[in-house]
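Spelled out, the chains give:
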Amino acid sequence: MTRYARTFAALLAPVVGKPVEEVLSGIGKPPKPELGHFAYACFPLAKERKTAPPKIAAEIAEAVAASMDGGGALRDVKAVGPYVNVFVDGRTAAREILPDALTRGADFGCSQQGGGAAVPVDFSSPNIAKPFGIHHLRSTVIGHALVRMLAAAGYRPIGINHIGDWGTQFGQLLAIWEMEGDEERLRSEGIHYLLELYVDFNKRLEDQPELRDVARERFRRLESGDAECRRLWSLFREASLAEFNRVYALLGIAFDDTKGESFYEDLMAPVLEELAAKDLLRESEDATLVELGDEDLGTALVKKRDGSTLYLTRDLAAADYRWRTYHFDRALYVVGGAQSLHFAQMKRVLELLGREWHERVIHTPFGMMRFTDRKMSTRKGDIIYLEEVLERAVELARETIEAGTRDKDRGLPDDLDTCAHRIGVGAVVFNDLKNRRVRDVTFNWDDVLNFEGETGPYLQYTAARIASMGDKLGRPITAQVDFATLDGPGETQLLLAIDGLEAALLRGVEASEPSYVADQLLEIAQRFSTLYARRDWKVISADDGLSDARMLLATATRQALLNGLGWLGIEVPDRM
RNA sequence: GCGCCCGUAGCUCAGUUGGAUAGAGCAUCGGUUUCCUAAACCGGAGGUCGCAGGUUCAAUUCCUGCCGGGCGCGCCA
């Protein structure tokens, strides 16, 4: 949807005698652009007035047409059956949208809607002592996209990496370490060695179920401050962070705040005390829990039998900390849908504690990453490393560029490494973001390494072609053009797609849904490509005025792609 | 068993708060390059929108019940 839907609504409102917002919600898009760019359905009015819809449509169309002065952005209002349809005047749209895109540059499509409100976004949050697998991709890229989208929409996002560096898993590592730990190997092999230990632990567990208790005991020991346990924990932590940071560097992701769960160690006691003081705790089989008063939510365990803490306990402490630190407008948790119950419980406990802001805590779930060919199990060491996926994508991009330069008799780009990196990573990231986040995704090398069709490289390619036209034109791009030359239906549809970027951003921010932006970008690229491929539609021609006008349109297209891809965390190469 | 999520073309998915003949990409078939980058474009074929009811002038969209898949349901995170 674009600004012109509102223009249309404003025109209709006095005629139908309803507020603009209500009219706006009744405006849609006709199935075919030949019918018009916007449509207003008259069925609800027909019911109120007990008159046939086509008759009302005809009356409204006539009244609206009479009230238009002719020089506005809309034209040709007419009734089509029960609908009032209208066209956007391409010339006016071009004059209003294109100079805006040129002037605002990286700011085009952005909004001030957020008013600087703080929004902590908890994402990625890998567990230490487990490698960064492909299944971590989802939280990482969705969260990163949301951070950038929020910033573009005028919010003040805080990207938080809530590293899983506390809990029984460390008890497990400490337990196995006593049996076969080797500091030399940890130093040289890093996280791969930790994975080996983790797998070994689970293997031994089959014959020695008592190891589970040993692990719990070791975690308790860690939590009570045992020096050797602390020292080893610190080693594991460093080894893992080194790997994580390599992957974040590949993806171009930086966090505003990286705090392990361990950070909240001292903040849990106050929460537990407050729960006790408010008489919300209950002992059950020597463990401590909170009664939630809701059958569907069950009960929430906050302390184990041995007195050590749980995930939920730390998340409660973290929520309090984030509120005190940021006074957030909302706090997002980009965590898999499997943990819906955990977050529902957490919100409920916050509510019971009287945190009036508990409604602002929002779980932003996403579907699972699964695998077709076989069941993947980290416990058995069966894992696809995200780093490997990214590297293979970059390698394939490099081969594709090299093949392209041979076929097209062009030189390799100077910055081949940068190009290949952006394309490969862009393909992987866009592939994850293009679908609605709640859907499960099946990992498939062919999909991830596909560069054709609705993919990141397709969008980058569209932008790259425009960039090279800019070079070829050889003169500055100007907004002083004859907009009348951009009046064709193809141009107008492209303009409306470009103008729709801001709405897609706001809708995406509202729903925490990066795919809305991804969709809009595809529409922009497709509409441009359709024009571009036409033999009778060359940007650069002997007609300088026409060339300048079309180049301005192309430049706005590229700016929209650049900005939108930037929000998704995808960089665009200059050449492909 | 209970709760949450999902079910649209052979495959992967859109479908903007119910509205006009349900749209893309991949795959498939056919076409486009004396070159503004074919990682592209155009066209063909392909769908009882899981099933059955209900609400409505109108349901892929809302409600109920089934069926199918996924996830979760106290001492992992």
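**Description of the overall build of chain A**
- Counting secondary structure elements, chain A contains 22 helices and 14 strands.
- Overall size of chain A, expressed as C-alpha extent along the three principal axes, is 80 × 65 × 40 Å.
- Across the 576 residues in chain A, those meeting the buried criterion constitute 54%.
- Of the contacts formed within chain A by residues at least 6 apart in sequence, a portion of 75% connects residues at least 24 apart.
- Looking at chain A as shown, the accessible area adds up to about 25,400 Å², and 48% of this sits on carbon and sulfur atoms.

**Description of the packing of aromatic side chains**
- All chains considered together, the criterion is met by 18 aromatic pairs.
- With 5.8 Å between their ring centres and 85 degrees between their planes, F43 and Y83 make a pair best called edge-to-face. Of this pair, F43 sits in helix α3 (residues 43-49) while Y83 sits in strand β4 (residues 83-88), and the two are 40 residues apart along the sequence.
- Under the relative-accessibility criterion, F43 is labelled partly exposed at 42%.
- Judged by centre distance (5.7 Å) and plane angle (75 degrees), the rings of Y264 and Y321 are edge-to-face. On the criterion of sequence distance, the pair formed by Y264 in the loop between β7 (257-260) and α12 (268-277) and Y321 in helix α13 (residues 311-326) is long-range, its members being 57 residues apart. With respect to burial, Y264 and Y321 carry one shared label: buried.
- Through a chain of ring-to-ring contacts, three or more aromatic side chains come together here, namely F123, F132, F244, Y248 and F255.
- Of note, R392 hangs over the ring of W445, and the distance from its end group to the ring centre comes to 3.8 Å.
- Lying across the ring of Y516, R507 places its NZ or CZ 3.9 Å from the centre.

**So, the sheet that holds strand β9 (residues 287-291)**
- Taken in spatial order, the three strands line up as β8-β9-β10 in an open sheet, and their pairing is antiparallel. Unpaired on one side and paired on the other, β8 (281-284) and β10 (299-303) mark the two borders of the sheet. Strand-to-strand twist across the sheet, computed as the mean angle between neighbouring axes with direction ignored, equals 40 degrees.
- Both β9 and β10 contribute to a ladder of four bridges, which runs antiparallel. Each bridged residue has a counterpart across the sheet, and for E291 the counterpart in β10 is T299.
- Across the sheet, α12 is in contact with β8, β9 and β10; its angle to β8 comes to roughly 95 degrees.

**Regarding the protein's contact with RNA strand B**
- Around RNA strand B, the surrounding shell holds 67 residues, and the nearest of these are Y83, R216, L289, K304 and Y461.
- Taking all atoms of RNA strand B within 4 Å of the protein, the share assigned to sugar and phosphate is 66%.
- One nitrogen or oxygen atom from the side chain of D519 is found 3.0 Å from a sugar or linking oxygen belonging to RNA strand B.
- Elements represented by at least two residues in the surface near RNA strand B include exactly α3, β4, α7 (168-180), β9, α13, α15 (386-408), α18 (456-473) and α21 (514-532).
- Here the residues of the surface near RNA strand B are counted per class, giving 31 nonpolar, 14 polar and 22 charged.

**Quick look at the confidence of the model for chain A**
- In the predicted model, chain A carries a mean pLDDT of 92, and 98% of its residues have values of at least 70.
- Model confidence for the complex is summarised by a pTM of 0.95, with the ipTM given as 0.96.

**Regarding the pattern of salt bridges**
- Here the structure, examined in full by the defined rule, presents 48 salt bridges.
- R75 is paired through a salt bridge with D76; the nearest N and O atoms lie 2.7 Å apart.
- Using a relative accessible area of 28% as the deciding quantity, one classes R75 as partly exposed.
- For D76, a relative accessible area of 42% puts it in the partly exposed group.
- Two residues, D471 and R575, come together in a salt bridge whose shortest N-O distance is 2.0 Å. Taken together, the positions of D471 in helix α18 and R575 in the segment after α22 (544-567) put the pair 104 residues apart, joining distant regions of the chain.
- Several salt bridges share partner residues, and in doing so they unite R3, D100, R104, D107 and D499 into one network.

Here is what the cut-offs are and how they apply
Residues numbered from 1 in each chain as written. Chains lettered and ligands numbered in written order. Predicted model: local features only at pLDDT ≥ 70, side-chain atom pairs only at ≥ 80, totals over all residues. Heavy atoms only, no water. Helix = DSSP H or I, 4+ residues; strand = E, 2+ residues; numbered from the N terminus. Buried < 20%, exposed > 50% of the residue type's maximum accessible area, 1.4 Å probe, protein only. Contact = heavy atoms within 4.5 Å. Areas by Shrake-Rupley, 256 points an atom, 1.4 Å probe, with all protein chains shown as cover. Phe/Tyr/Trp six-rings, centres within 6.5 Å; stacked < 30°, edge-to-face > 60°. Lys NZ or Arg CZ within 6 Å of the ring centre and 35° of its normal. Pairing = 2+ DSSP bridges. Axes fitted to C-alpha atoms, helices over the stretch in contact; angles between N-to-C directions. Near = heavy atom within 4 Å. Polar contact = N/O pair within 3.5 Å; in protein donor to acceptor, adjacent residues only side chain to side chain. Nonpolar A, V, L, I, M, F, W, Y, C, P; charged D, E, K, R; others polar. pLDDT = per-residue confidence, 0-100. Salt bridge = Lys/Arg side-chain N within 4 Å of Asp/Glu carboxyl O.

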